[in-house]
Amino acid sequence: IDKTNTPTVSAVGELRGHKQRLSKVAWHPMGKHVATSSFDHSWRLWDVETCKELLLQDGHKNGVYGISFHPDGSLVATTDLDGIGRVW
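Treat the numbers as computed from the prediction; the structure is a model and nothing was measured. Numbering of residues starts from 1 in every chain and runs along the sequence as written. A pLDDT threshold of at least 70 governs which residues receive local features in this predicted model, and a stricter bar of 80 or more applies before side-chain atom pairs are shown or counted, although totals over entire chains, interfaces and linings include all residues. The side-chain numbers reported here are obtained from all heavy atoms of the structure, hydrogens and water having been left aside.

Undergrad: Which parts of the structure should I look at to understand the nonpolar core?
TA: One recurring pattern in soluble globular proteins: nonpolar side chains tend to sit buried together. Counting residues in hydrophobic clusters, the biggest one holds seven residues: A26, A35, W43, L45, I67, F69 and V76. Sequence-distant contacts of L45, that is, excluding residues within four places in its chain, are made with H33, V34, A35, K52, E53, L54, L55 and F69. Grouping buried Ala, Val, Leu, Ile, Met, Phe, Trp, Tyr and Cys residues that are joined through side-chain atoms within 4.5 Å yields what is termed a nonpolar core. Burial here depends on accessible area, computed with a 1.4 Å probe over protein chains only, as a share of the maximum for the residue type. Under 20% is buried, over 50% is exposed, and the range in between is partly exposed. Contact criterion: two residues are considered in contact whenever any of their non-hydrogen atoms come within 4.5 Å of each other.

See the structure below:
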């Protein structure tokens, strides 16, 4: 393997706010936002460019382990460790 032409990748920012580890990250269809789910019972929406939190939702009673955007980006679906799914 020729490592001289291997591109390097570095972080462009950090998303800080969850109190426990992340379980999933979902990219918004337009690419300007990401949503993160966590075992702290919440999910958050972030601006990719600024790494700022735009929204915090904490309606689950257990860790949120699944998150996904609707294909048009208008809704977010989450699932928790109790087997409860929610659409936001």
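After that view of the structure, there is still more to cover.
Undergrad: How should I be thinking about the sheet that holds strand β4 (residues 53-57) in this particular structure?
TA: Either a parallel or an antiparallel arrangement is found when strands of a sheet pair, and the pairing is made through backbone hydrogen bonds. A sheet is described by the order of its strands in space; here four strands give the open sequence β1-β2-β3-β4, paired in antiparallel fashion. Two strands in the sheet have a free side with no partner beyond their single neighbour: β1 (22-27) and β4. Here the average twist between neighbouring strands, direction ignored, is 20 degrees. For two strands to count as paired, DSSP must find a minimum of two bridges between them. The helix and strand labels rest on DSSP assignments: H or I over at least four residues marks a helix, E over at least two residues marks a strand, and numbering proceeds from the N terminus. Alignment of strand β3 (residues 43-47) against β4, held across four bridges, turns out to be antiparallel. Bridging across to β4, W43 finds its partner in Q57. Lines fitted to C-alpha atoms define the axes here, with helix axes fitted over just the stretch in contact, and angles between the N-to-C directions of these axes take values from 0 to 180 degrees.

Undergrad: For this particular structure, what's the right way to read unusual backbone geometry?
TA: Negative phi characterises most residues that are not glycine, and trans characterises most peptide bonds. Positioned with a positive phi, H41 is a non-glycine residue whose angle comes to about 80 degrees. By the element assignment, H41 lies in the loop between β2 (33-38) and β3. Judged by its relative accessible area of 29%, H41 is partly exposed. With a phi angle near 60 degrees, C51 is a residue other than glycine that sits in the positive phi range. Inspection of the secondary structure assignment puts C51 in the loop between β3 and β4.

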